Amino acid sequence: NAGVTQTPKFQVLKTGQSMTLQCAQDMNHEYMSWYRQDPGMGLRLIHYSVGAGITDQGEVPNGYNVSRSTTEDFPLRLLSAAPSQTSVYFCASTFQGSVGYTFGSGTRLTVV
Amino acid sequence: KQEVTQIPAALSVPEGENLVLNCSFTDSAIYNLQWFRQDPGKGLTSLLLIQSSQREQTSGRLNASLDKSSGRSTLYIAASQPGDSATYLCASPGEAGNMLTFGGGTRLMVKP
């Protein structure tokens, strides 16, 4: 099925561990982005990409890295996890002149 | 920088009522405005998208309107049902259309 696929759905990390949240889309969308959702804070943009090889920071980029080597994939890396990164992470994609964004089902991350 | 606000934050209505959810934005030069639904612990499902050149969009019992001059969008839900209970989010992309700014959401409960 066409859409945005995120893996894993759930993850528990210890402080200081690293991990990569995966995001893939099969709609040939140029734009991909990562958001985190926290109670009382809403959805906030972490990083985004307007095409392969191009990434930029959003509102809350600290502690996260991204790369975009292909149109389809946009992984989010946590190099040294902190409890403040406990959140639900959503990946989204769209294209220029779009009919709107498509979101993945999310990754619920807990850092202990 | 676009700011998006949703009022009320929570709403409880009896089944069968018609209701209106409000979304306000600060930058009237919006690209489009998208309404999403989010069920507890789930991802975002796109409901309606209104392009900047449009005044409204309809899908079933849902109707979304856009008034750029006043910086407002409304989501009208006709004949509400318990299955409509969810959080409703509105969001608008930046000038280039590639980054979404979200409102805080309205948590709707429809009581049988």
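Let us look at the structure shown here.

The rules we used
- Residues numbered from 1 in each chain as written.
- Chains lettered and ligands numbered in written order.
- Predicted model: local features only at pLDDT ≥ 70, side-chain atom pairs only at ≥ 80, totals over all residues.
- Heavy atoms only, no water.
- Helix = DSSP H or I, 4+ residues; strand = E, 2+ residues; numbered from the N terminus.
- Rg over C-alpha atoms; globule rule 2.2 N^0.38 Å.
- Buried < 20%, exposed > 50% of the residue type's maximum accessible area, 1.4 Å probe, protein only.
- Contact = heavy atoms within 4.5 Å.
- Disulfide = S-S within 2.5 Å.
- Pairing = 2+ DSSP bridges.
- Axes fitted to C-alpha atoms, helices over the stretch in contact; angles between N-to-C directions.
- Salt bridge = Lys/Arg side-chain N within 4 Å of Asp/Glu carboxyl O.

## Some thoughts on the overall build of chain B
Assigned secondary structure in chain B consists of 0 helices and 11 strands. Traced from its N-terminal end to its C-terminal end, chain B shows the element sequence β-β-β-β-β-β-β-β-β-β-β. Expected size for 112 residues packed as a compact globule is a radius of gyration near 13 Å; at 13 Å, chain B falls within 12% of this value. Taken over the C-alpha atoms alone, chain B extends approximately 40 × 30 × 20 Å along its principal axes. Taking all 112 residues of chain B together, 44% fall into the buried category. Residue pairs in contact within chain B that sit at least 24 positions apart in sequence constitute 53% of those at least 6 positions apart.

## Points about the state of the cysteines
All names here are of chain A. Under the definition given, this model contains 2 disulfides over all chains. Each sulfur in the disulfide pair Cys 23 and Cys 91 lies 1.8 Å from the other. Its torsion about the S-S bond being -70°, the disulfide of Cys 23 and Cys 91 is classed as left-handed. Of this pair, Cys 23 sits in strand S3 (residues 19-25) while Cys 91 sits in strand S9 (residues 87-94), and the two are 68 residues apart along the sequence. The same class applies to Cys 23 and to Cys 91, which are both buried.

## A short note on the sheet that holds strand S6 (residues 56-59) of chain B
Residues and elements named next belong to chain B. Spatial ordering of the open sheet is given by S1-S3-S8-S7-S6, a layout of 5 strands whose pairing is antiparallel. On the outer flanks of this sheet lie strand S1 (4-7) and S6, each paired with one strand and no other. Pairs of neighbouring strands in the sheet enclose a mean axial angle of 15°, with direction left out of account. Bridging between strand S3 (residues 19-25) and strand S8 (residues 72-77) involves 6 bridges; their strand directions are antiparallel. Paired with Leu 21 across the two strands is Leu 75, which belongs to S8.

## A word on the pairing of S8 of chain B
Residues and elements named next belong to chain B. Here strand S7 (residues 62-67) pairs with S8 via 6 bridges, running antiparallel. Within the sheet, the bridge partner assigned to Ala 64 lies in S8 and is Leu 75. The turn joining S7 and S8, which pair antiparallel and follow one another in sequence, is formed by 4 residues; a positive phi near 70° is taken by Gly 71.

## A closer look at the pattern of salt bridges
Residues and elements named next belong to chain A. Summed over the entire model, instances satisfying the criterion amount to 4 salt bridges over all chains. Between Arg 44 and Asp 38 there is a salt bridge whose closest N-O contact spans 2.9 Å. On the accessibility criterion, Arg 44 (15% relative accessible area) is buried. For Asp 38, a relative accessible area of 10% corresponds to the buried category. Beyond isolated ion pairs, a larger network of salt bridges with shared partners links Arg 36, Asp 38 and Arg 44.

As far as function goes, none of this settles anything; it's purely spatial.
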